[in-house]
There are 2 protein chains.
Amino acid sequence: MEAVRMIKIGLVQSRATVEPEDNIRRTMAAIRAVAARGAQIVSTQELFCSRYFCQHEDARYFDLAEPIPGPTTKKLQDLARELQVVIVGSLFEERAAGLYHNTAVIIDADGALLGTYRKMHIPDDPGFSEKYYFAPGDQGFRVWNTRYARLGVLVCWDQWFPEAARLTAMQGAEILFYPTAIGWLPGERDEGGLKFLDAWRTIQRSHAIANGCYVAAVNRVGREEGGEASGFIDFWGGSFVADPLGQVVAEASMDDEQSLIASIDLGQITTARIEWPFFRDRRIDAYHGLTQRLLDQRPSRVDAGVRDPSSPTD
Amino acid sequence: MEAVRMIKIGLVQSRATVEPEDNIRRTMAAIRAVAARGAQIVSTQELFCSRYFCQHEDARYFDLAEPIPGPTTKKLQDLARELQVVIVGSLFEERAAGLYHNTAVIIDADGALLGTYRKMHIPDDPGFSEKYYFAPGDQGFRVWNTRYARLGVLVCWDQWFPEAARLTAMQGAEILFYPTAIGWLPGERDEGGLKFLDAWRTIQRSHAIANGCYVAAVNRVGREEGGEASGFIDFWGGSFVADPLGQVVAEASMDDEQSLIASIDLGQITTARIEWPFFRDRRIDAYHGLTQRLLDQRPSRVDAGVRDPSSPTD
């Protein structure tokens, strides 16, 4: 029904070493390789320059941060311009003295830095001490018109929040990119850990379905030691692309480095949304409760015509 | 970590005939049977009293509607009291002359009518002409404290909207029940129709994950002829229960009537939410855009500290 609009996207899933220069060099080589295979938009995994240092709290790791624009941004811009590809790169941003963010840079195919997305939802769980390192994003949810598609970028923990995907899709994102660092703590893989991986895939596939758009999740892979206190994390790889019906159309290994390429048809977005017109039917008159922490109190206001959803019982 | 709190829920998936009395009689017999097997909360499928008349627009079908409370509500109340079970029943409500809703009744185990949920999101697609029959709900999203659990009830098309699940879970729902009528139009099953079924399962499983609660979807089954204009719908059954990690813990046939029973541990809700504390980290300062139809315009207001998400580009 809709015109076909094919593009190729590339997802660089890699194993990080303790040497940032090594990680940057290998990731840039991988971007070059997927571009040679036709990828037009390429995303790195979350914090691709380093190991996942958030396994424990150590002030020395702030040395890994850099300003944006800065040296790594510049390298990615030069590479994007040379290859004529759009690059989504996930960096550890030093914004000011003592103020750091988990930030993605969005670089157009001519090398222009279109902007940044600062991770809005920051986790803090055993082995994932991100609240220590990163201030929550203060730019909200965003999209960018790149040469090849209109992109939304969200980062890792954001993927568990339907609100983030919705607010990004509502701005016209055709693809939601999720640079990610997720894996199993010691013992988890054998203790039902495949359920976690399945939940991770399911929630992101659901964002594709609910919003009739593509989703691309780019995870790191391999074991990273976290020191005696926290053990290690086995990052589970499994980077994937889901289409607007939530079908996985490309998927990477759970065990190895892999640069995944997916050919996707952006025309399917319109087709899916005409088939399932969720945007037509959203009850925006009844959603104001979503800006509350919980609806455990009597209503403070009632919108005309709709009983306030915070009313707990009949 | 949390105390185990086991309950049994029952889902009555049936094949509707053209005789409402027959459907009511058989559904009540099925409720009696699952109660005998230990079910404490039982849900019917959507509009269980009749065939899915919304396949086309015909004013004669309004004769199927009845007031709430009314004769069928009364029968369900009497049955709930006799069996000491909670019943969620999906009915065609005549609210006033010319004003109809697609409404669920929530009946406690002592037979008390706790309240109603009027379907908020109303579909209108070929074969599903619900906007002709049903006014959109005007009560918002709701929960009820029943004898055995705190329930949220949503209906069919609601299941595609993460906002509905979230607003119900935010009121403390431990289980989200979705009475449903979904299936394939002629030809769809063979033309990739399993993707639709998979999307339907996936989006509902995602609500369980995002909200750390149980989800129970109760669908009808079997072919219903819709007349020469619309052909038929093959309702795909497949009623299921998902746990707070989104795992399907019980699932019914795609081809036959089946009363499904699932033993679920409500203690898992707290366990899942401590493991994945999404409610802690929701960015309620940045969600106000969710009450917009689309974020395709420049911002009209900016919340303090957070750039308005409706700003389309950098």
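Higher on the page you've got the structure.
## A word on the relation of the copies chain A and chain B
For the pair chain A and chain B, the superposition axis carries a translation of 0.0 Å, the fit reaches an RMSD of 0.0 Å, and the rotation angle comes to 180°. Given the turn and translation reported, the copies of this chain are related as if by a two-fold rotation axis.

## Details of the interface of chain A and chain B
In this complex, chain A contributes 72 residues to the contact, which on the side of chain B involves 72 residues. Taking both partners together, chain A and chain B bury about 6,700 Å²; carbon and sulfur atoms supply 58% of that area. Between chain A and chain B we count eight salt bridges in total. Two residues, Asp198 of chain B and Arg205 of chain A, come together in a salt bridge whose shortest N-O distance is 2.5 Å. At the boundary of chain A and chain B, one finds 33 residue pairs in polar contact (both at pLDDT 80 or more). Secondary structure elements with two or more residues in the side of chain A that touches chain B: strand 5 (113-118), strand 6 (143-145), helix 4 (162-169), helix 5 (189-211) and helix 7 (278-281) of chain A. The leading source of residues in the side of chain A that touches chain B is helix 5 of chain A, at 10 residues.

## A few points about unusual backbone geometry
Residues and elements named next belong to chain A. With an omega of -5°, the peptide bond running from Ile68 to Pro69 counts as cis. Within the secondary structure layout, Pro69 lies in the loop between strand 2 (41-43) and helix 2 (71-83). For Leu47, which is not glycine, the phi torsion reads 50° and is therefore positive. The phi torsion at Gln84 lies on the positive side, around 60°, for a residue other than glycine. In this structure, Gln84 sits in the loop between helix 2 and strand 3 (86-96).

## Description of the sheet that holds strand 9 (residues 183-184) of chain A
Backbone-to-backbone hydrogen bonds join strands into a sheet, with any given pair of strands oriented parallel or antiparallel. Residues and elements named next belong to chain A. The strand order across the open sheet formed by three strands is 9-12-11, and the pairing between neighbours is antiparallel. Two strands close off the open sheet at either side, each with one partner strand: strand 9 and strand 11 (221-227). Direction of pairing for strand 9 relative to strand 12 (residues 231-236): antiparallel, over a ladder of two bridges. Bridging across to strand 12, Gly183 finds its partner in Phe235.

## As for the packing of helix 1 (residues 20-36) of chain B against helix 2 (residues 71-83) of chain B
Residues and elements named next belong to chain B. Close contact between helix 1 and helix 2 brings their axes to 11 Å; oriented N to C, the two are set at 20°. Between helix 1 and helix 2, the interaxial angle falls into the category roughly parallel. By crossing handedness, the relation of helix 1 to helix 2 is classed as right-handed. Facing helix 1, whose interface residues are Ile24, Met28, Ile31, Arg32 and Ala35, helix 2 presents Thr72, Lys75, Leu76, Leu79, Glu82 and Leu83. A per-class count over the contact of helix 1 with helix 2 returns seven nonpolar, one polar and three charged.

## As for the sheet that holds strand 1 (residues 6-13) of chain A
Residue and element names in this part refer to chain A. Read from one edge to the other, the open sheet built from six strands follows the order 5-4-3-2-1-15, with strand pairing classed as mixed. This sheet does not close on itself; its edge strands, each paired only once, are strand 5 and strand 15 (258-265). Between one strand and the next, the sheet's axes are offset by a mean angle of 30°, whatever the strand orientation. By the bridge criterion, nine bridges tie strand 3 to strand 4 (residues 99-107) in an arrangement that is antiparallel. Note that in strand 4 the partner of Ser90 across the bridge is Ala104.

## Some thoughts on the nonpolar core
Judged by nonpolar contacts, the single largest core of 138 residues is most densely connected at Ile9, Trp160 and Ile175 of chain A together with Ile9, Trp160 and Ile175 of chain B. Ignoring any residue separated from it by four or fewer positions in sequence, one finds Trp160 of chain A in contact with Ile182, Phe196, Ala199, Trp200 and Ile203 of chain A together with Ile209, Ala210, Trp276 and Phe278 of chain B.

The rules behind the values
- Residues numbered from 1 in each chain as written.
- Chains lettered and ligands numbered in written order.
- Predicted model: local features only at pLDDT ≥ 70, side-chain atom pairs only at ≥ 80, totals over all residues.
- Heavy atoms only, no water.
- Least-squares fit on C-alpha atoms with pLDDT ≥ 70 in both.
- Contact = heavy atoms within 4.5 Å.
- Buried area = accessible area lost by both parts, 1.4 Å probe.
- Salt bridge = Lys/Arg side-chain N within 4 Å of Asp/Glu carboxyl O.
- Polar contact = N/O pair within 3.5 Å; in protein donor to acceptor, adjacent residues only side chain to side chain.
- Helix = DSSP H or I, 4+ residues; strand = E, 2+ residues; numbered from the N terminus.
- Pairing = 2+ DSSP bridges.
- Axes fitted to C-alpha atoms, helices over the stretch in contact; angles between N-to-C directions.
- Parallel < 35°, antiparallel > 145°, perpendicular 65-115°, else oblique.
- Left-handed = near helix turned anticlockwise from the far one by under 90°.
- Nonpolar A, V, L, I, M, F, W, Y, C, P; charged D, E, K, R; others polar.
- Core = buried A, V, L, I, M, F, W, Y, C linked by side-chain atoms within 4.5 Å.
- Buried < 20%, exposed > 50% of the residue type's maximum accessible area, 1.4 Å probe, protein only.

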